[in-house]
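What the coordinates show
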Amino acid sequence: RQGVVVITGASSGLGLAAAKALSETGKWHVVMACRDFLKAAKAAKGAGMADGSYTIMHLDLASLDSVRQFVDNFRRAGMPLDSLVCNAAIYRPTARTPTFTADGYEMSVGVNHLGHFLLARLMLHDLGKSDYPSRRLIILGSITGNTNTLAGNIPPKAGLGDLRGLAGGLRGHNHNGSAMIDGSDTFDGAKAYKDSKICNMLTMQELHRRYHEDTGITFASLYPGCIATTGLFREHIPLFRLLFPPFQRFITKGFVSEAESGKRLAQVVSDPSLGKSGVYWSWNKDSASFENQLSQEASDPEKARKLWEISEKLVGLA
Ligand code: NDP
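Described below are features of the structure shown in this document. What you see is a predicted model, and the numbers here were worked out from it, not measured in a lab.

1. Re the environment of Thr218
If you trace the backbone, Thr218 turns up in strand β6 (residues 218-222). A relative accessible area of 5% means that Thr218 is categorised as buried. When the C-alpha positions of Thr218 and Lys276 are compared, they lie 6.4 Å apart, and in sequence the two are 58 residues distant. If near-sequence neighbours (up to four positions away) are discounted, Thr218 is found in contact with Ser134, Arg135, Arg136, Leu137, His212, Gly275, Lys276 and Ser277.

See the structure below:
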């Protein structure tokens, strides 16, 4: 039978490119889990995805209620779940004041990490029931959260500290707390994004430690390359948006097109040679995949456990 893959944030960029790549193989039915139904419908049509090869379902990761409703709707639709891709993200690089999710958590970590944390935890149940030969749960990582790389050393650097801001509920100063995971007094949107990506990579490894052996599910993360043209950079200053793609293309040579990045993510979903669990995949300049190393913080098991326990409380699972 066809596999069923859920991709969050499939209305643009990498998520859309991967949805297209997977649906075109004919081997996958793609559930596009998106916050803006009409935008997703237009994007799928615009990308030339065939009618019947995908289903759009509403999911707003900035609301834990919406995450729970999405899971209910998906189950009611009666489809199996063979692969889940936690891809959606927001990036607010120039923000100096926090915004908050429906549940009152700082938006970057709330959407990129907490919304996906709840979704992944709930949908483990569905993946566990699937009879598909290789079931996978994938969470997008990033080089920018990895301080063992050049890009990861561009300030502000990622760093979760002792997680005191997260433990305090990421509420911001009006509520006598901090909107930053490390408890810092000043909000920095660029750092909040990088921190959320460390959370994504730590969560993938903690899922692997807790569930891989018992369930056989493959847990993976990846850095698909710098896709300098996606909507991720929409809130950046215009000069940055003008210069970033040629800078990546000609200077760092890390540039990757949306179509190529979509193929890479599709490989992590379905390629038999990428079935190993607990891996953070990257690609070299010849577009060959390899198992990449994470920074010390992004692979710290003690931090991963602590992050897991605090996140469980914040999303109402503990
Ligand atoms: P885009 O901005 O193009 O896509 C992000 C997607 O997330 C959009 O579909 C957006 O929806 C969706 N989204 C945002 N907020 C929410 C929400 N509250 N609920 C549901 N969906 C939401 O960015 P990319 O394609 O570049 O990024 C995809 C992933 O790749 C991210 O995880 C990012 O961290 C990662 N990545 C990207 C890199 C790059 O260079 N671009 C490099 C490394 C990693 P909408 O269309 O409605 O805005």
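Still more ground to cover, so stick around.
2. Brief notes about the site of the ligand
Residues in contact with the ligand amount to 31 residues; listed here are only the nearest, Ser11, Ser12, Lys39, Tyr193 and Thr230. Arg35 is positioned such that a nitrogen or oxygen atom in its side chain is 2.7 Å from an oxygen atom of the ligand. One of the backbone N or O atoms of Gly231 is found 3.2 Å from an oxygen atom in the ligand. Against a free-state accessible area of 900 Å², the protein chains account for coverage of 98% of the ligand. Breaking the shell around the ligand down by element, the ones donating at least two residues are α1 (13-24) and α6 (189-215). Residues that form the shell around the ligand fall into these classes: 16 nonpolar, 10 polar and five charged.

3. Quick look at the pairing of β6
With five of five residues buried, β6 lies mostly within the body of the structure. Side chains Thr218, Ala220 and Leu222 of β6 all project onto a buried face; the interleaved residues Phe219 and Ser221 project onto the opposite face, where all are buried too.

4. Notes on the packing of aromatic side chains
Counted under the stated rule, the structure contains nine aromatic pairs. The interplanar angle of 85° and the centroid separation of 5.2 Å between the aromatic rings of Phe117 and Trp308 together place this pair among those described as edge-to-face. Here Phe117, found in helix α4 (residues 107-129), pairs with Trp308, found in helix α9 (residues 301-314); they are 191 residues apart in sequence, far enough to count as distant. Like Trp308, Phe117 is buried. On the basis of an interplanar angle of 40° and a centroid distance of 6.3 Å, the ring pair of Tyr211 and Trp308 is categorised as tilted. Placement of the pair is Tyr211 in helix α6 and Trp308 in helix α9, with a sequence separation of 97 residues. On the basis of relative accessibility, which here comes to 24%, the residue Tyr211 falls in the partly exposed class. Among the aromatic residues, ring-to-ring pairing joins Tyr91, Tyr193, Phe233, Phe240 and Phe244 into one connected group. The aromatic ring of Phe255 is capped on one face by Arg249, whose charged end is 4.0 Å from the ring centroid.

Here is what the cut-offs are and how they apply
Residues numbered from 1 in each chain as written. Predicted model: local features only at pLDDT ≥ 70, side-chain atom pairs only at ≥ 80, totals over all residues. Heavy atoms only, no water. Helix = DSSP H or I, 4+ residues; strand = E, 2+ residues; numbered from the N terminus. Buried < 20%, exposed > 50% of the residue type's maximum accessible area, 1.4 Å probe, protein only. Contact = heavy atoms within 4.5 Å. Near = heavy atom within 4 Å. Polar contact = N/O pair within 3.5 Å; in protein donor to acceptor, adjacent residues only side chain to side chain. Areas by Shrake-Rupley, 256 points an atom, 1.4 Å probe, with all protein chains shown as cover. Nonpolar A, V, L, I, M, F, W, Y, C, P; charged D, E, K, R; others polar. Phe/Tyr/Trp six-rings, centres within 6.5 Å; stacked < 30°, edge-to-face > 60°. Lys NZ or Arg CZ within 6 Å of the ring centre and 35° of its normal.

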